[in-house]
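Descriptive analysis of the structure
Residues per chain, in single letters:
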Amino acid sequence: MTSQGITVLGSTGSIGESTLKVLALHPDRYHVIALSAHSNFERLAEQCKQHRARYAVISDKDKANQLRAALDAHGCSAEVLAGHNALSEAACLDETEVVMAAIVGAAGLESTLRAVESGKRLLLANKESMVIAGELFRKAAAESGATIIPVDSEHNALFQVLPKNFDKGLSQVGVEQLILTASGGPFLHTERAELENITPEQACKHPNWDMGRKISVDSATLMNKGLEIIEARWLFNARPEQIAVIVHPQSIVHSMVAYRDGSVLAQMGMPDMRTPIAYALAWPDRIEAGVERLNLADVHKLEFYQPDLERFPGLGLAFQVLEAGGNAPVTFNAANEVAVDAFLHHRIGFLQIASVVSAAMERCKQGKIGSIDEVLEFDRVAREAAVQCVNSLV
Ligand code: NAD
Ligand code: MG
């Protein structure tokens, strides 16, 4: 087998680090072309040295000189590419066959879309880009022939248990429902009154998964599941009524597909992102991921509950956004990014995250999306509206 060139966008994050761990187990199958970080030039330089990357990409261009010096200190000759546009450049390098999109938030949109437009195999962790521009992704993949493989554990699970030809239409292949599991986050059993005083540190302590700060907060509010139902809509060409959410605190069943004949197929495993990453890398093969094996006798029980939309209004809002379509997911996502950032900086309370998103949605006009420029413009307007909502609360 020939070795494949891979670019990891967001290599210094939680998904990026896990990806590099899996790659390190398979030096014959993959070689690293480019790695990227927003500002952590020290870690990026170490990674480039260890994985013999050809390009070191830093999106905060003020850090380019420090990155060069850090690479020199490591004796690493990787070429430095700097600035936001360098991410897109790295996503479509000729030497790259596979792109792992692991930047957090809408900041990953252009580079992720460029990878698809240039026909790469896209391993998609950056769910926000699919949420806000799903239709553009579907179109670009159809035109370029790019394969998009979901890395998000739920969507990766669905990808594993759906028939290969699901793109014909879910009903055509006998699928009734995609059932996304949600751990319920750290506050599954916390009373609403107590949620008011949750700190960022408490919100970032997830019971089952070790993740970046933004997605950790999203998991605690269930906004993450809200983003994921929209992500599923685009990845699997699903109608809103074909998508359901069930709370499963053990995070062992990563999602399920319910078929017309009454069968329900689930994918299970330990909650470790290296499994979906390894599956996305090697698909349709299976490779060692370096994870602990699941022993159900140790887990004892698997529980399932309906989600509580009163304590977690963000998820209810997401179902409305899913129905509304158009620019609603852009507004929803942008407002959530602003609100989470405000929460992480102690400017607003935990329960105010959903209030800011809901208020920003009311302020922003409905619209249709036809191009990436329109997405970026709706995103900008929604951020402004959300900042005003935050300011009115502090
Ligand atoms: P993280 O915060 O740990 O890492 C984010 C990465 O993106 C870092 O490398 C950072 O340098 C880079 N980055 C941040 N802001 C940037 C900007 N403005 N421009 C360019 N690069 C920027 O995040 P994470 O937990 O690894 O999550 C990455 C993505 O994967 C998110 O979309 C998240 O929703 C998704 N995801 C994560 C997990 C998980 O277990 N961590 C699971 C499923 C999906
Ligand atoms: Mg997920």
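Now for a quick tour of the structure. The model shown is predicted, which means the values in this text are computed figures rather than measured ones.

Ligation of the magnesium ion (ligand 2) by protein atoms is provided by Asp152 (OD), Glu154 (OE) and Glu228 (OE), these donors lying 2.1 to 2.2 Å from the ion. Motif for the magnesium ion (ligand 2), donor spacing along one chain: D-x1-E-x73-E. Here glutamate 228 lies in helix 11 (residues 223-235) and aspartate 152 lies in the loop between strand 7 (147-150) and helix 7 (153-161), a separation of 76 residues in the sequence. The pair aspartate 152 / glutamate 228 is uniform in exposure class, with both members buried.

What follows deals with the site of ligand 1. Taken together, 23 residues lie near ligand 1, and Thr12, Ser14, His38, Glu128 and Gly212 sit nearest. Between ligand 1 and the protein, one listed contact pairs an oxygen atom with a backbone N or O atom of serine 14 at 2.9 Å. In isolation ligand 1 has 820 Å² of accessible area, and contact with the protein removes 86% of it. For the shell around ligand 1, the elements supplying multiple residues, two or more each, are helix 1 (14-24) and helix 6 (127-144). Per-class residue counts for the shell around ligand 1 are eleven nonpolar, nine polar and three charged.

Further remarks concern the nonpolar core. Residues Leu162, Phe332 and Phe350 are the most contacted members of the largest nonpolar core, which totals 133 residues. When residues of this core are assigned to their parent elements, the largest contribution, ten residues, is made by helix 15 (residues 328-344). Contacts of phenylalanine 332, omitting those with residues within four sequence positions, involve Met223, Gly226, Leu227, Ile230, Gly314, Leu317, Ala318, Val321, Val357 and Met361.

The next subject is the sheet that holds strand 5 (residues 98-101). Ordered by their spatial adjacency, seven strands build an open sheet running 4-3-2-1-5-6-7, and the pairing between neighbours is parallel. At either margin of the open sheet sits one strand with a lone partner, and together these are strand 4 (79-82) and strand 7. The mean inter-strand angle of the sheet, taken between neighbouring strand axes irrespective of direction, is 20°. Docked against the sheet, helix 1 engages strand 1 (4-9), strand 2 (30-37) and strand 5, running at close to 160° with respect to strand 1. Against the sheet, helix 5 (residues 109-117) engages strand 1, strand 5, strand 6 (121-124) and strand 7, with an angle of about 150° to strand 6.

Rules behind the numbers
- Residues numbered from 1 in each chain as written.
- Chains lettered and ligands numbered in written order.
- Predicted model: local features only at pLDDT ≥ 70, side-chain atom pairs only at ≥ 80, totals over all residues.
- Heavy atoms only, no water.
- Donors = N, O, S within 2.8 Å, 3.2 Å for Na, K, Ca; no water.
- Helix = DSSP H or I, 4+ residues; strand = E, 2+ residues; numbered from the N terminus.
- Buried < 20%, exposed > 50% of the residue type's maximum accessible area, 1.4 Å probe, protein only.
- Near = heavy atom within 4 Å.
- Polar contact = N/O pair within 3.5 Å; in protein donor to acceptor, adjacent residues only side chain to side chain.
- Areas by Shrake-Rupley, 256 points an atom, 1.4 Å probe, with all protein chains shown as cover.
- Nonpolar A, V, L, I, M, F, W, Y, C, P; charged D, E, K, R; others polar.
- Core = buried A, V, L, I, M, F, W, Y, C linked by side-chain atoms within 4.5 Å.
- Contact = heavy atoms within 4.5 Å.
- Pairing = 2+ DSSP bridges.
- Axes fitted to C-alpha atoms, helices over the stretch in contact; angles between N-to-C directions.

Nothing here speaks to function; it is geometry throughout.
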